Amino acid sequence: NAGVTQTPKFRILKIGQSMTLQCTQDMNHNYMYWYRQDPGMGLKLIYYSVGAGITDKGEVPNGYNVSRSTTEDFPLRLELAAPSQTSVYFCASSPMPPGPSERQFFGPGTRLTVL
Amino acid sequence: GENVEQHPSTLSVQEGDSAVIKCTYSDSASNYFPWYKQELGKRPQLIIDIRSNVGEKKDQRIAVTLNKTAKHFSLHITETQPEDSAVYFCAALANFGNEKLTFGTGTRLTIIP
């Protein structure tokens, strides 16, 4: 049971390039989330999904897109990378809305730099 | 929506002393309050959580207290050790099927040997 996995671990993009950050969980969790964490800052929600085929915007969705075709995978797409998207991206999952019996677990993160 | 404020942003304590981090929330319907610890370069890890029908919860050297009337909850770490040095985040979840945790801005705790 690997939990939440993310690829790649690190990536450097040039302005205007596109990329997809991968997130996979093997815990059969319905709820999945994408956060970004800027240096020295807290976690900001980008997008989330409550099940396959369902996605919704979080606090900072501009410049990103997501899809959820399977329960396991929740990729995050950056279409036109900008320096403001330099951040560490964390994927997370929980079986139901987070709670004492339904805890939210984070992936190891992807460190993205846009130059 | 929910708003969570966390204080202080940085905290330094002598090894062996206690550390207290406080969070306030705005939505009185919030009913779940987890705390996460994030070591440098690592992912946030859940360390303790509390539901709104409980006033205090302890797990060895870590405790969380909740004051629903005042809408604040606190993390208490006793007998601090160097490995407690990390960034700590509080979070809150509103009731009635809300799917999203709202996080505080984090506290960087440094334990001075």
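This section reports on the structure supplied with the text. (Residues numbered from 1 in each chain as written. Chains lettered and ligands numbered in written order. Predicted model: local features only at pLDDT ≥ 70, side-chain atom pairs only at ≥ 80, totals over all residues. Heavy atoms only, no water.)

### Remarks on the pattern of salt bridges
Within the structure shown, the criterion is met by 6 salt bridges over all chains. Salt-bridge contacts for Lys57 of chain B lead to Asp49 of chain B; the nearest nitrogen and oxygen are separated by 3.0 Å. Using a relative accessible area of 1% as the deciding quantity, one classes Asp49 of chain B as buried. Where salt bridges share partners, they join Arg103 of chain A together with Asp49 and Lys57 of chain B into one cluster. (Salt bridge = Lys/Arg side-chain N within 4 Å of Asp/Glu carboxyl O. Buried < 20%, exposed > 50% of the residue type's maximum accessible area, 1.4 Å probe, protein only.)

### What to know about the packing of aromatic side chains
Scanning the model with the defined rule gives 13 aromatic pairs over all chains in all. Relative to Tyr35 of chain A, the ring of Tyr33 of chain A has its centre 6.2 Å away and its plane inclined at 25°; by these criteria the two rings are stacked. The residues Tyr33 of chain A and Tyr35 of chain A share a single accessibility class, namely buried. Centre to centre, the rings of Tyr35 of chain A and Phe103 of chain B are 5.4 Å apart; their planes meet at 90°, and the pair counts as edge-to-face. Of this pair, Tyr35 of chain A sits in strand β4 (residues 31-37) while Phe103 of chain B sits in strand β10 (residues 102-103), which puts the two residues in different chains. The exposure classification of Tyr35 of chain A matches that of Phe103 of chain B, with both residues buried. Across from the ring centre of Phe74 of chain A, 5.9 Å away, lies the NZ or CZ of Arg68 of chain A, which sits over that ring. (Phe/Tyr/Trp six-rings, centres within 6.5 Å; stacked < 30°, edge-to-face > 60°. Helix = DSSP H or I, 4+ residues; strand = E, 2+ residues; numbered from the N terminus. Lys NZ or Arg CZ within 6 Å of the ring centre and 35° of its normal.)

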